[in-house]
Every structure is written in structure tokens, then in C-alpha cells.
Amino acid sequence: MDAEDCWKVIEQQRLAIADMLADISAEEWQLPSLCTGWRVRDVATHVALVPGDLPMSIMVGTAVRARGNYNRMIDILVRRFADAPGFDPVATLRRDAASRKLPKLTNYRNIHFDTMVHAQDMAIPLGRSITVSPEAASVAATRAAEVGWPVWDKHRLDGVHLVATDSTWEHGSGAEIRGPILALLLLITGRPVALERVDGPGVDIMAARMRAPEPSAGTH
């Protein structure tokens, strides 16, 4: 997939998220998502803020408060806006679905997998579904597996061989883990729910790593 294809997937996922959230209850907005420490509303806010043009003063001030920790900075921003009066994640997602603005220090490949994963972070706890093509999920999984500091420990996938059962995608070497590519994408990005959707001798290895304490607030 080239950049144009990735942007089309990002737009589709944003709109699918907005459609899914449009009719949920007040209680459902408060449900824990698959993203550690965040509610459904927090995840929706994060995805909606990505194309937003936040003032530099907010970004700098947040970075200082986070003491340079990437995940902590994202967490602070989300909590600032999630329950702010007048902020509507659904309307914002629809308005900016086709936007190609990017936050500083990232790129469309990161936003591609991030949007896809966060869609599942909300859909699964809500008992809903958001469709992802195996091709798009494969591209996302490849990029997510490449990302290390400051988002994840670059050694988190050492010694495991990930094999998709619904595409030709595979990654790494070692103890095998097999499953649908979307489940593997969730596994790569640290979602324990994925362990229920894959099998193989490498599952116990990944389960043990996921039980280890996170170095920072959440895996966003």
C-alpha cells in the first residue's frame, strides 16, 4: 500500500469509529478500553485530536509536564480534552476524517496503524465490530513491529515468529504464534485480548511479557 492507500484507510477508520460511537450510551462512553488506563471516551478523544492543530504552547507545556516521556505526554493531552465542555469526539472525527495533518514527530504510517488499533480498542469492549482488510492490517502490523523507543521496548518481539492465518504476512523468528492478522496487530501493540485469538508455542512467551510492568502510563 502506498501513502494514498494508507490515507484512505485512515479516513475510513475514522468514519467507522464515528458511526460506531454515534449512538452509544453515557455508560458505554465510560467503559474501559483495551488501551491501558483509558476509557472509550479517552481513546476516541485521542484519535480525534490527531489531525487537530493544537497550539504550540499546549504541546510544549505538556511535554514539560511529561518530562519527555512520550506516552505520558499523550496521556496528559487526552485527559485535558476528553471531558472538556463542548468537545465532541464524534463530530470532530467526522469533520476531520479526510484531514492529512500530522502531529509533530510522526508520519502517516504510524497514524495508519494507530487509528486501526484504537478502533479495535473501542469496538471490542463495546461488543461492536469495525472491519479491517487483511492487506491494510498487514501493512499496519509491519510498521507497528518496527516501532521501538519512545513508544515500545524494541525487544518486545524477540524470539517469536508471528504468522498470519488469513494472509501471507509473517515476522520474526523463534517460537511460532499463529492467528488472524488483526489479532497479531493487537498482539504487537500490547493488547492482552489478542492472546485469546492466537495459538502456538510463542503465546506463553508473549503472555509473560505482557504481565511485566509497563514503563509508562499506557501503551498509546
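Since the structure is predicted, the reported quantities are computational estimates derived from the model, not experimental observations. (Residues numbered from 1 in each chain as written. Predicted model: local features only at pLDDT ≥ 70, side-chain atom pairs only at ≥ 80, totals over all residues. Heavy atoms only, no water.)

### Brief notes about the packing of aromatic side chains
The description of two aromatic rings rests on the distance between their centres and on the angle between their planes.
Moving on, step 1. This model, assessed by the stated rule, comprises three aromatic pairs.
Moving on, step 2. Here the aromatic rings of F113 and W152 are separated by 5.7 Å at their centres, their planes lie at 35°, and the arrangement is tilted. Here F113, found in helix 7 (residues 108–126), pairs with W152, found in the loop between helix 8 (134–146) and strand 1 (160–164); they are 39 residues apart in sequence, far enough to count as distant. Just as F113 is buried, W152 falls in that class too.
Moving on, step 3. Directly above the ring of W29 sits R41, whose terminal nitrogen or CZ lies 5.1 Å from the centroid. (Phe/Tyr/Trp six-rings, centres within 6.5 Å; stacked < 30°, edge-to-face > 60°. Helix = DSSP H or I, 4+ residues; strand = E, 2+ residues; numbered from the N terminus. Buried < 20%, exposed > 50% of the residue type's maximum accessible area, 1.4 Å probe, protein only. Lys NZ or Arg CZ within 6 Å of the ring centre and 35° of its normal.)

### Some thoughts on the pairing of strand 1
Moving on, step 1. Counted residue by residue, strand 1 has five buried out of five residues, so it is predominantly covered.
Moving on, step 2. Burial of strand 1 is two-sided: the residues V160, L162 and A164 facing one way and the residues H161 and V163 facing the other way are all buried.
Moving on, step 3. The pairing of strand 1 with strand 3 (residues 175–179) spans five bridges and is parallel. Counterpart to V163 in the pairing with strand 3 is R178.
Moving on, step 4. The antiparallel hairpin formed by strand 1 and strand 2 (residues 170–171) contains five residues in its connecting segment. (Pairing = 2+ DSSP bridges.)

### A short note on the nonpolar core
Moving on, step 1. In terms of nonpolar packing, the biggest core is built from 34 residues, with M116, L162, W169, I177, L184, L187 and I188 touching the most fellow members.
Moving on, step 2. Taken together, the elements giving at least two residues each to this core come down to helix 7, helix 8, strand 1, helix 9 (181–188) and helix 10 (203–211).
Moving on, step 3. Examining the composition of this core, we find that seven residues originate from one element, helix 9, more than from any other.
Moving on, step 4. Shared between two domains, this core takes at least three residues from each, and those domains are domain 1 (3–126) and domain 2 (134–211).
Moving on, step 5. Other than its neighbours up to four places away in sequence, L184 contacts L162, V163, A164, W169, I177, G179 and V198.
Moving on, step 6. Of all hydrophobic cores here, the second largest spans 28 residues; its members include I17, V40, L49 and L126. (Core = buried A, V, L, I, M, F, W, Y, C linked by side-chain atoms within 4.5 Å. Domains from an automatic or database assignment. Contact = heavy atoms within 4.5 Å.)

### As for the packing of helix 7 against helix 9
Moving on, step 1. Put simply, helix 7 and helix 9 touch, their axes get as near as 10 Å, and they point 100° apart. As judged from the angle between their axes, helix 7 and helix 9 are roughly perpendicular. Contact with helix 7, carried on its side by M116, V117, Q120 and I124, involves L182, L185 and L186 of helix 9 and no other residues of that element.
Moving on, step 2. Partitioned by chemical class, the residues of the contact of helix 7 with helix 9 number six nonpolar, one polar and no charged. (Axes fitted to C-alpha atoms, helices over the stretch in contact; angles between N-to-C directions. Parallel < 35°, antiparallel > 145°, perpendicular 65-115°, else oblique. Nonpolar A, V, L, I, M, F, W, Y, C, P; charged D, E, K, R; others polar.)

### Looking at the sheet that holds strand 1
Moving on, step 1. With mixed pairing, the three strands of this open sheet are ordered in space as 2-1-3. Whereas interior strands pair on both sides, the edge strands pair on one side only; in this sheet they are strand 2 and strand 3.

### Considerations on the environment of W38
Moving on, step 1. Looking at the secondary structure, you find W38 in the loop between helix 2 (26–29) and helix 3 (40–49).
Moving on, step 2. Here W38 falls in the buried class, since its relative accessible area comes to 2%.
Moving on, step 3. For the pair formed by W38 and M122, sequence separation is 84 residues and the distance between their alpha carbons is 10.0 Å.
Moving on, step 4. There is a polar contact of 2.6 Å between the side chain of W38 and the side chain of D75. (Polar contact = N/O pair within 3.5 Å; in protein donor to acceptor, adjacent residues only side chain to side chain.)

### What to know about the pattern of salt bridges
Moving on, step 1. For the coordinates displayed, the defined rule picks out 11 salt bridges.
Moving on, step 2. Close ionic contact of R191 with D121 constitutes a salt bridge, the shortest N to O distance being 2.8 Å. One end of the pair, R191, is in the loop between helix 9 and helix 10; the other, D121, is in helix 7, with 70 residues separating them in the sequence. Both residues of the pair, R191 and D121, count as buried.
Moving on, step 3. The closest approach of N and O atoms between E176 and R178, which form a salt bridge, is 3.5 Å.
Moving on, step 4. One network of salt bridges, in which partners are shared, links R39, R41, D42 and D83. (Salt bridge = Lys/Arg side-chain N within 4 Å of Asp/Glu carboxyl O.)

### Focus on the packing of helix 3 against helix 7
Each pair of packed helices can be summarised by the angle the axes make with each other and by the distance between the axes.
Moving on, step 1. Orientation of helix 3 relative to helix 7, taken along the N-to-C sense of each, is 160°, at an axis distance of 10 Å. Here helix 7 runs roughly antiparallel to helix 3, going by the angle between their axes. Helix-helix and strand crossings are classified by hand; for helix 3 and helix 7 the assignment is left-handed. Counted together, V40, V43, A44, H46 and V47 of helix 3 and D114, T115, H118, D121, M122 and L126 of helix 7 form the full contact between these two elements.
Moving on, step 2. Residues that form the contact of helix 3 with helix 7 fall into these classes: six nonpolar, three polar and two charged. (Left-handed = near helix turned anticlockwise from the far one by under 90°.)

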